[in-house]
Amino acid sequence: MKENNQKKDKINIHLANPRGFCAGVDRAIKMVEETINRYGKPVYVRHEIVHNSYVVEKLKKLGAIFVDELDEIPNNKYPVIFSAHGVPKSVPKQAKEKNLIYFDATCPLVSKIHREVEFFDKKKFEIILIGHRNHPEVIGTMGQIHNSKIYLVEDVEDAKNIKIKNKNLLAYVTQTTLSVDDTNDIIKILKERFPKIQEPKKEDICYATTNRQEAVKKIAKKCESVIIIGSHTSSNSLRLVEVAKKNGCAESVLIQNHINFNWNLLKEKKNIGLSASASAPETLIMNFINECKKRFKVQIIEDSSIKEDVVFNIPSSLKKVS
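Before going into details, it helps to say that this report is about the structure given with it. These figures come from a predicted structure and were not determined experimentally.

**With respect to helix 10 (residues 235-246)**
Line of reasoning, step 1. Spanning twelve residues, helix 10 covers 17 Å between terminal C-alpha atoms, matching the ideal 16 Å at 1.5 Å per step.
Line of reasoning, step 2. Among the residues of helix 10, those classed as buried are Ser235, Asn236, Ser237, Arg239, Leu240, Val241, Val243 and Ala244.
Line of reasoning, step 3. Where helix 10 is buried, its residues touch helix 9 (207-220), strand 9 (225-229), strand 10 (252-255) and strand 11 (271-276).
Line of reasoning, step 4. Phi turns positive, to about 110°, at Gly248, one or two residues after helix 10.

The following block contains the structure:
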């Protein structure tokens, strides 16, 4: 009887919307699945196709083998897919030299930044890339041109101290998965220091990152705790936790899934927030909610004011699979 009463304790789950998979992640996963359908097992994937262990393990079961470098692929019989984060130009060049069949699952919004970097480079500009060191997307973007002409700025301090050779021929681009607010602070400093700095024609931080951060901002101030489902290697996952903390909910955590979650954290809580990063599937959200329902009387409160209808198609060569 005591256990039953415990289950009836009421908790409101403020479910962020939008959340979970973005169009770029959805496209990349479908590309792996369709490549396996077309070529059979195994299919190689250079680096994690997206930063989520659930997704990676699921694709492994279907026949994907994940490698760090192309040299790990035993021969050119098997196709390889480049991750959604993008790769330096040296990678497809190496794939061609090895006569590998390859498919590039780089998110189109990351590819847009690659083209911006090339454009500014052709105009003889130096380029500042706002992003996180050693993140695959940053490595890929910096690898589009000769790296002596591109500078990495990670934070406000970097922006204050960076030294540029030619202030009159300078541009900036950004990683797609940054904190919108933090990036704006960095850009403000760069514009103050370098008034002639050129900016991208369109915002580089992707629609999905922006929307998910806005959705978390909306629920954070209403909640005693915010739970973000995602990977600790995922930039957009980490940023969602930061956003929740900065917008009224200091007790915000990142978890991979409901397994091993400390449910005592929710004791005596009336309102919790729940979201998932752009690389985390809706399945993980539903699993968490179902586990929560075993322990509490749950009411779902969902804001649907932000709509997403973006779709990125997979290459036509993979669409033909029956």
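**Some remarks on the sheet that holds strand 1 (residues 10-15)**
Line of reasoning, step 1. Read from one edge of the open sheet, five strands run 10-9-11-1-12, paired in parallel fashion. Whereas interior strands pair on both sides, the edge strands pair on one side only; in this sheet they are strand 10 and strand 12 (297-302). Strand-to-strand, the axes of this sheet are offset by a mean angle of 25°, without reference to chain direction.
Line of reasoning, step 2. In this sheet, strand 10 lies alongside strand 9 in parallel orientation, the contact comprising four bridges. Bridge assignment links Ile228 to a residue of strand 10, and that residue is Leu254.
Line of reasoning, step 3. In this fold helix 9 packs onto strand 1, strand 9 and strand 11, with an angle of close to 175° to the strand it touches most, strand 11.
Line of reasoning, step 4. The sheet strands contacting helix 11 (residues 282-295) are strand 1, strand 9, strand 10, strand 11 and strand 12, and the helix crosses strand 11 at an angle near 155°.

**Notes on the pairing of strand 1**
Line of reasoning, step 1. Of all six residues in strand 1, five are buried, a share of seventy percent or more.
Line of reasoning, step 2. Across six bridges, strand 1 lies against strand 12 in parallel orientation. If you follow Ile13 over to strand 12, its bridge partner there is Ile300.
Line of reasoning, step 3. The pairing of strand 1 with strand 11 spans four bridges and is classified as parallel. The residue bridging Asn12 from the neighbouring strand is Asn271, located in strand 11.

**Some words on the side chain of His114**
Line of reasoning, step 1. Note that His114 resides in helix 5 (residues 108-122).
Line of reasoning, step 2. For His114, a relative accessible area of 4% puts it in the buried group.
Line of reasoning, step 3. If we ignore the near neighbours within four places in the chain, the residues touching His114 are Gly86, Val87, Thr106, Gly140, Thr141 and Gln144.

**A closer look at the packing of aromatic side chains**
Line of reasoning, step 1. According to the stated counting rule, one finds eight aromatic pairs in the structure shown.
Line of reasoning, step 2. Judged by centre distance (5.2 Å) and plane angle (20°), the rings of Phe82 and Tyr102 are stacked. Of this pair, Phe82 sits in strand 4 (residues 80-82) while Tyr102 sits in strand 5 (residues 102-104), placing them 20 residues apart in sequence.
Line of reasoning, step 3. Residue classification places Phe82 among the buried positions, given a relative accessible area of 0%.
Line of reasoning, step 4. Centroid distance Phe261 to Phe288: 5.3 Å. Interplanar angle 70°. Geometry classified as edge-to-face. One end of the pair, Phe261, is in the loop between strand 10 and strand 11; the other, Phe288, is in helix 11, and 27 residues separate them in sequence. The burial state of Phe261 is the same as that of Phe288; both residues are buried.
Line of reasoning, step 5. Following the ring pairs from residue to residue traces out a cluster consisting of Phe119, Phe120 and Phe125.

**Points about the sheet that holds strand 6 (residues 126-130)**
Line of reasoning, step 1. Taken in spatial order, the three strands of this open sheet run 7-6-8, and their pairing is parallel. Each edge of the sheet is formed by a strand with only one pairing partner; in this case those strands are strand 7 (150-153) and strand 8 (170-174). Averaged over neighbouring strand pairs, the angle between their axes works out to 25° when direction is ignored.
Line of reasoning, step 2. Pairing between strand 6 and strand 7: four bridges, direction parallel. The residue of strand 7 that forms the bridge with Ile130 is Val153.
Line of reasoning, step 3. Along the sheet face, helix 5 touches strand 6, strand 7 and strand 8 and points at about 170° away from the line of strand 8.

**Considering the pattern of salt bridges**
Line of reasoning, step 1. Under the counting rule described, the total for this entry stands at 23 salt bridges.
Line of reasoning, step 2. Residues Glu302 and Arg19 are paired through a salt bridge, measuring 3.0 Å at the closest nitrogen-oxygen approach. Of this pair, Glu302 sits in strand 12 while Arg19 sits in the loop between strand 1 and helix 2 (23-39), placing them 283 residues apart in sequence.
Line of reasoning, step 3. Classification of Glu302 by relative accessible area gives partly exposed; the value is 41%.

**Looking at the packing of helix 9 against helix 10**
Line of reasoning, step 1. Relative orientation of the contacting elements helix 9 and helix 10 amounts to 35°, with a least axis distance of 9 Å. Taken as a pair, helix 9 and helix 10 cross one another with a handedness that is right-handed. Contacts between helix 9 and helix 10 involve Arg212, Gln213, Val216, Lys217 and Ala220 on the former and, on the latter, Arg239, Leu240, Val243 and Ala244.
Line of reasoning, step 2. Along the lines of polarity and charge, the residues of the contact of helix 9 with helix 10 split into five nonpolar, one polar and three charged.

About the cut-offs
- Residues numbered from 1 in each chain as written.
- Predicted model: local features only at pLDDT ≥ 70, side-chain atom pairs only at ≥ 80, totals over all residues.
- Heavy atoms only, no water.
- Helix = DSSP H or I, 4+ residues; strand = E, 2+ residues; numbered from the N terminus.
- Expected span 1.5 Å × (residues − 1).
- Buried < 20%, exposed > 50% of the residue type's maximum accessible area, 1.4 Å probe, protein only.
- Contact = heavy atoms within 4.5 Å.
- Pairing = 2+ DSSP bridges.
- Axes fitted to C-alpha atoms, helices over the stretch in contact; angles between N-to-C directions.
- Phe/Tyr/Trp six-rings, centres within 6.5 Å; stacked < 30°, edge-to-face > 60°.
- Salt bridge = Lys/Arg side-chain N within 4 Å of Asp/Glu carboxyl O.
- Left-handed = near helix turned anticlockwise from the far one by under 90°.
- Nonpolar A, V, L, I, M, F, W, Y, C, P; charged D, E, K, R; others polar.

Worth remembering: the numbers are spatial, not functional.
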